[in-house]
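A structural walkthrough
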Amino acid sequence: MRVDREIYKGIEYVRLTGLPLDQKEKIATTLSPDKIIKILKDGVLINDCVQYADYLCWFEEHHQAAIISPSHVPQTAGAFKFSIK
């Protein structure tokens, strides 16, 4: 499941600490470190942010692909045949 974005001064982002556990573990090993950004918000430096667009790309390539794969699709007993007359 994708997480909702946060917005601060026009920057759309997600916090790595706010991700579900399975995404936290996977993103730590698959996301390029240069995609992690820091945001100074109300005098506090938040150093575990990823721009939302980068998160969406990562989600489509690495997380969602693992969820929807041929090994998870049930096999049917036979092929369906349709004819249009």
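So, here is what we can say about the structure in this document. Each chain has its residues counted from 1, running along the sequence as written. Totals for whole chains, interfaces and linings use all residues, but because this is a predicted model, local features are given only for residues with pLDDT of at least 70 and pairs of side-chain atoms are given and counted only at 80 or more. Excluded from the side-chain calculations are hydrogens and water; all other atoms, namely the structure's heavy atoms, are used.

Description of the overall build of the protein chain
Helix numbering and strand numbering both begin at the N terminus, where a helix is a DSSP run of H or I of at least 4 residues and a strand a DSSP run of E of at least 2. A count of helices and strands for the protein chain gives two helices and four strands. Starting at the N terminus and walking to the C terminus, you meet the elements of the protein chain as β-β-α-β-β-α. Only protein chains enter the area calculation, which uses a 1.4 Å probe; residues under 20% of their type maximum are buried, those over 50% are exposed, and those in between are partly exposed. In the protein chain, which comprises 85 residues, the proportion classed as buried is 25%. Contact criterion: two residues are considered in contact whenever any of their non-hydrogen atoms come within 4.5 Å of each other. Excluding contacts between residues fewer than 6 apart, the proportion of contacts in the protein chain whose partners are at least 24 apart in sequence is 57%.

Concerning the sheet that holds strand E4 (residues 44–51)
Paired strands, as defined in this entry, are two strands with at least two bridges between them according to DSSP. Taken in spatial order, the four strands of this open sheet run E1-E2-E4-E3, and their pairing is antiparallel. The sheet is open, and its two edges are formed by strand E1 (6–8) and strand E3 (36–41), each paired on a single side. Across the sheet, the mean angle separating the axes of adjacent strands is 60° when strand polarity is ignored. For strand E2 (residues 11–15) and E4, the ladder comprises three bridges, and the chain directions are antiparallel. Bridge pairing in E4 links Arg15 to Cys49. Note on method: axes are straight lines fitted to C-alpha atoms, helices fitted across the in-contact stretch only, with angles between N-to-C directions ranging 0 to 180 degrees.

Overview of the pattern of salt bridges
For this document, the term salt bridge refers to a Lys or Arg side-chain nitrogen within 4 Å of an Asp or Glu carboxyl oxygen. For the structure on display, the rule yields three salt bridges. Across the pair Asp54 and Lys35 runs a salt bridge, and its minimum N-O distance is 3.8 Å. In this pair, Asp54 is assigned in helix H2 (residues 52–67) and Lys35 in the loop between helix H1 (21–30) and E3, connecting sequence segments 19 residues apart. Assessed through its relative accessible area of 22%, Asp54 is described here as partly exposed.

Focus on the environment of Asp4
Positionally, Asp4 belongs in the segment before E1. Residues Asp4 and Gly18, 14 residues apart in the sequence, show an inter-C-alpha distance of 9.7 Å. If near-sequence neighbours (up to four positions away) are discounted, Asp4 is found in contact with Val14 and Tyr52.

Overview of the packing of aromatic side chains
Pairs were defined over the aromatic rings of Phe, Tyr and Trp, the Trp ring being its six-membered one, requiring ring centres within 6.5 Å. Orientation was assigned from the angle between planes: stacked under 30 degrees, edge-to-face over 60, tilted for the rest. Tallied over the full model, the rule gives three aromatic pairs. For the ring pair Tyr52 and Tyr55, a centre distance of 6.0 Å and an interplane angle of 35° mean the geometry is tilted. Of this pair, Tyr52 and Tyr55 both sit in helix H2, three residues apart, which is roughly one turn of the helix. Accessibility assignment for this pair places Tyr52 and Tyr55 in one class, buried. Among the aromatic side chains, those forming a connected cluster through ring pairs are Tyr52, Tyr55, Trp58 and Phe59.

Structural measurements only, silent on function.
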